[in-house]
Amino acid sequence: MKLKIKTKKIIPASIFNSRRFAYGHHRSPAEPSPVRLVPHRIKKVLTGFKKKKDFTKAPLSDALYHLVSELQRFYAANQTIDELRHQYGNPWHMPPVDKKRFYDSKQIVIEFNHALRKVISTDAPRFDFEELLHFIVDTYTAVSGQKHADDFYHHIRTTLVGMRNEMAVEQMLIGAGVAYELGSLKQDAVGGDFIINGTPVDIKASEKTAEAARQRAVDGGYDPSSILWSHIEFEDFDGALRLSPQKSREIFAQLEPELNAIVKPR
């Protein structure tokens, strides 16, 4: 007698990179919504997350679903960057083929950062830093397992801290009436987070990362003077994704003299 074995259908992780799941895709009425295209394990994470918050009047945004779709690509790009930096140090020491791999991977990370920016802009009022961090980590491990969970956590936490700080700097500039433009993807790739009076300024999340970036610039023969620390400490956010208006003004008073030293008045 043959036994009937019930097998569990495995949903490939590649569904995350499906064009149908891409943010901003205009689907036909017959096409399923992005939520329905999320693998079953991710739906469980989303369901658990929703139970902690009342999202009945304001559902999770498309920006957040798009971010979920890019997690594996983001981590793979970071692995490539880490591998090449470990092997060569600075990209200026890399042969052309590996240098292209490095900057292609940087481009993927930058695009992910822009997606994360949209999430913070759209969903920040509804959850705090730790909730968003653990939601992203739980979502990634639900698909990819625990093998690289610690390393992924390190990368995504660093990225989230950096983007939260970048948006806080933007908040400070707006509050102080400073005209600026966000750097393009190409400018961002070479350290131009903000363009102020035509000057690219790279503002880092910590004094340590700012110093490391200055050293890399010196090693590559570039002027490090436009690399600044935001003067924002982790505790300044009080667990939130945005600074309070009062804290924003206090911190900008420390950053302003350094900005004035490198930005030429028009």
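Residues numbered from 1 in each chain as written. Predicted model: local features only at pLDDT ≥ 70, side-chain atom pairs only at ≥ 80, totals over all residues. Heavy atoms only, no water.

Draft legend 1. Structural view of the overall build of the protein chain. Within the protein chain, the secondary structure is distributed over nine helices and four strands. Written out in order from the N terminus, the α and β elements of the protein chain read α-α-α-α-α-α-β-α-β-β-α-β-α. Looking at the 266 residues of the protein chain, the share that counts as buried comes to 43%. On the protein chain, roughly 15500 Å² of surface is accessible, and the fraction owed to carbon and sulfur atoms is 54%. (Helix = DSSP H or I, 4+ residues; strand = E, 2+ residues; numbered from the N terminus. Buried < 20%, exposed > 50% of the residue type's maximum accessible area, 1.4 Å probe, protein only. Areas by Shrake-Rupley, 256 points an atom, 1.4 Å probe, with all protein chains shown as cover.)

Draft legend 2. Fine view of a nonpolar patch on the surface. A surface patch of nonpolar side chains, about 300 Å² in accessible area, is lined by Trp92, Tyr103 and Tyr222. Note that Tyr222 resides in the loop between α8 (207-219) and β4 (227-229). (Patch = residues over 30% accessible without salt bridge, like charges linked within 9 Å, V, L, I, M, F, W, Y side chains within 5 Å. Salt bridge = Lys/Arg side-chain N within 4 Å of Asp/Glu carboxyl O.)

Draft legend 3. Main features of the confidence of the model for the protein chain. Averaged over every residue, the pLDDT of the protein chain is 78; the share at 70 or more is 73%. Note on residues 1-39: pLDDT is under 50 here. Beyond four places in sequence and across chains, it has 42 contacts. Throughout residues 54-58 the model reports pLDDT below 50, and contacts reaching past four residues in sequence, or to other chains, amount to six contacts. (pLDDT = per-residue confidence, 0-100. Contact = heavy atoms within 4.5 Å.)

Draft legend 4. Here's a closer look at the packing of aromatic side chains. Throughout the structure, instances matching the rule amount to nine aromatic pairs. Where Tyr75 meets Tyr140, the ring centres are 5.7 Å apart and the plane angle is 70°; that geometry is what we call edge-to-face. Here Tyr75, found in helix α3 (residues 71-88), pairs with Tyr140, found in helix α5 (residues 129-144); they are 65 residues apart in sequence, far enough to count as distant. By relative accessible area, which is 6% here, Tyr140 ends up buried. Each ring, one from Phe129 and one from Phe234, has its centre 5.4 Å from the other, and the planes form 90°; the classification is edge-to-face. Of this pair, Phe129 sits in helix α5 while Phe234 sits in the loop between β4 and α9 (245-262), and the two are 105 residues apart along the sequence. The partly exposed category is assigned to Phe234, whose relative accessible area is 35%. Every member of this aromatic cluster is reached through a ring pair, and the members are Phe74, Tyr75, Phe112, Tyr140 and Phe152. (Phe/Tyr/Trp six-rings, centres within 6.5 Å; stacked < 30°, edge-to-face > 60°.)

Draft legend 5. Quick look at α5. If you check α5, its first and last C-alpha atoms are 23 Å apart, about what 16 residues at 1.5 Å a residue would give, namely 22 Å. Phe129, Leu132, Leu133, Phe135, Ile136, Val137, Thr139, Tyr140, Thr141, Ala142 and Val143 are the residues of α5 that are buried. A side-chain oxygen of the first residue of α5 lies 3.3 Å from the backbone nitrogen of Glu130; this N-cap is Asp128. Count one or two residues on from α5 and you reach Gly145, which has phi positive near 80°. (Expected span 1.5 Å × (residues − 1). Polar contact = N/O pair within 3.5 Å; in protein donor to acceptor, adjacent residues only side chain to side chain.)

Draft legend 6. Fine view of the environment of Asp123. Its place among the elements puts Asp123 in helix α4 (residues 96-123). A relative accessible area of 0% means that Asp123 is categorised as buried. For the pair formed by Asp123 and Leu64, sequence separation is 59 residues and the distance between their alpha carbons is 8.0 Å.

Draft legend 7. Molecular detail of the pairing of strand β3 (residues 199-204). Of the pairings in the sheet, the one linking strand β2 (residues 194-196) to β3 comprises three bridges and is antiparallel in character. Pairing of Phe194 across the sheet is with Val201, part of β3. Counting the residues between successive antiparallel strands, the hairpin from β2 to β3 contains two residues, one of them, Asn197, with a positive phi of roughly 50°. Where β3 lies against β4, three bridges are found, and the strand directions are parallel. Along β4, the bridge assignment pairs Asp202 with Ile227. The parallel pair β3 and β4, bridged by α8, forms a crossover whose chirality is right-handed. (Pairing = 2+ DSSP bridges. Right-handed = clockwise from strand over helix to strand, strands pointing away.)

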